[in-house]
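Descriptive analysis of the structure
Next come the chains, spelled out residue by residue.
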Amino acid sequence: MTDAIEGTRAADPRRRIGHRVEYHAEIGSTNDRARLALDEPDGEGLAIVAELQTAGRGRRGRTWHSPSGRNLTLSVGIRPRLQASAAGLLGAATALAVRGACRPAAALAIKWPNDLVDDDGRKVAGLLLETALVEARLAHVVIGLGINVNWRRREMPPQISTVATSLADLAGRDVDRSALLGRVLDALDDEIAALERGESPLERYRAASWLDGRRVVVALGEREVEGVALGIGQAGELLLQTDEGELALAVGEVLRVRPVMAVPA
Ligand code: BTN
């Protein structure tokens, strides 16, 4: 098998992120393991990969489904040199890293805040950033990402295949997961170092944004708001034109994207 993850050579000791890779055939959640690793010597930047998670989690308390041997399931814990106010930009930088790493297989867009989608909005990858704050600083962040790599739509359960796809489906061929892992770690290392140097990923994030001009329903905790996505603000927030005026949403989840009506000439 050309794309085995066990025994991967994707680690690179010159990197802060991904200097070492820890492989698990099965684990609860790679995010939990990466959090624990932060308290171990050299645990910052240790890349945790797993073939199968028995308690993989997504955003808003969802379960993350990914069959063994098909996809990339990865977490890394870091102690970023960033203020808490940069959390949105860190998510943006992470999404750009994954997008760049996937580029040889497929051109993906970013659906705010940090889903990677195809042209039709089908999800290919999701990110879960779990942060701990100390005063105004990001004390640590666990970056978890799941990429649908060789899990074909025809193999997905219907409730997933209607809204998701995979790199292999988009590329029309299987994708080498170990090589992809190496590119993800390279890109994460570069993007996060650039952000810590004060370089904003915003312009590139805006250029990759899928939502602009679309009418969406966004969950804000228990509340839902509807409006047209106008763009992305300075801290990575979604700018939404609603009937009550313009909103800047720092957090939230796009629940639905409404079909855009053609305007009669
Ligand atoms: C989402 O789109 O809701 C985020 C999905 C994040 C899934 C990844 S898989 C690796 C890491 N470990 C987890 O338990 N979740 C993240």
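Our subject is the structure listed above.
Conventions used here
Residues numbered from 1 in each chain as written. Predicted model: local features only at pLDDT ≥ 70, side-chain atom pairs only at ≥ 80, totals over all residues. Heavy atoms only, no water. Helix = DSSP H or I, 4+ residues; strand = E, 2+ residues; numbered from the N terminus. Contact = heavy atoms within 4.5 Å. Buried < 20%, exposed > 50% of the residue type's maximum accessible area, 1.4 Å probe, protein only. Arc of directions from axis to C-beta. Polar contact = N/O pair within 3.5 Å; in protein donor to acceptor, adjacent residues only side chain to side chain. Near = heavy atom within 4 Å. Areas by Shrake-Rupley, 256 points an atom, 1.4 Å probe, with all protein chains shown as cover. Salt bridge = Lys/Arg side-chain N within 4 Å of Asp/Glu carboxyl O. Pairing = 2+ DSSP bridges. Axes fitted to C-alpha atoms, helices over the stretch in contact; angles between N-to-C directions.

On to the environment of Arg 62, then. Counting through the fold element by element, Arg 62 comes out in the loop between β2 (47-53) and β3 (72-78). Setting aside residues up to four positions removed in sequence, Arg 62 forms contacts with Gly 56, Arg 57, Lys 123 and Glu 253.

This next bit is on helix α1 (residues 30-37). Burial in α1 covers these residues: Thr 30, Asn 31, Arg 33, Ala 34 and Ala 37. The buried residues of α1 occupy one face: seen down the axis, they fall within an arc of 160°. On its buried side, α1 packs onto β1 (21-27), β2, β3, β6 (123-134) and β7 (137-147). The opening residue of α1 is Ser 29, an N-cap whose side-chain oxygen sits 3.1 Å from the backbone nitrogen of Asn 31.

Surveying the vicinity of the ligand reveals 21 residues, the closest of which are Ser 29, Gln 53, Arg 57, Arg 59 and Lys 123. Between Gln 53 and the ligand, the recorded distance is 2.9 Å, taken from a side-chain N or O atom to a nitrogen atom. Residue Arg 59 places a main-chain N or O atom 2.7 Å away from an oxygen atom belonging to the ligand. For the ligand, whose free accessible area comes to 420 Å², the fraction covered by protein is 100%.

Overall, the coordinates contain 24 salt bridges when judged by the stated rule. In this structure, Arg 33 and Glu 22 form a salt bridge, with 2.7 Å as the shortest nitrogen-oxygen distance. Of this pair, Arg 33 sits in helix α1 while Glu 22 sits in strand β1, and the two are eleven residues apart along the sequence. There is no split in this pair, since Arg 33 and Glu 22 are both buried. Residues Arg 35 and Asp 39 are paired through a salt bridge, measuring 3.5 Å at the closest nitrogen-oxygen approach. Take Asp 39: its relative accessible area is 55%, and that puts it in the exposed class.

Another aspect to go through is the sheet that holds strand β4 (residues 109-111). Two pairing modes exist for strands in a sheet, parallel and antiparallel, and in both the strands are linked by backbone hydrogen bonds. Here we have seven strands laid out as an open sheet, ordered β1-β2-β3-β7-β6-β5-β4, and mixed in their pairing. Each edge of the open sheet carries a strand with a single partner, namely β1 and β4. Strand after strand, the sheet turns through a mean of 25° between neighbouring axes, direction not considered. Inspection of the sheet shows β1 paired to β2 by six bridges, in the parallel sense. Residue pairing in the sheet places Ile 27 in a bridge with Gln 53 of β2. Against the sheet, α1 engages β1, β2, β3, β6 and β7, with an angle of about 25° to β3. Strand contacts of helix α5 (residues 177-196): β1, β2, β3 and β7, with the helix running at about 25° to β3, the strand carrying the most contacts.

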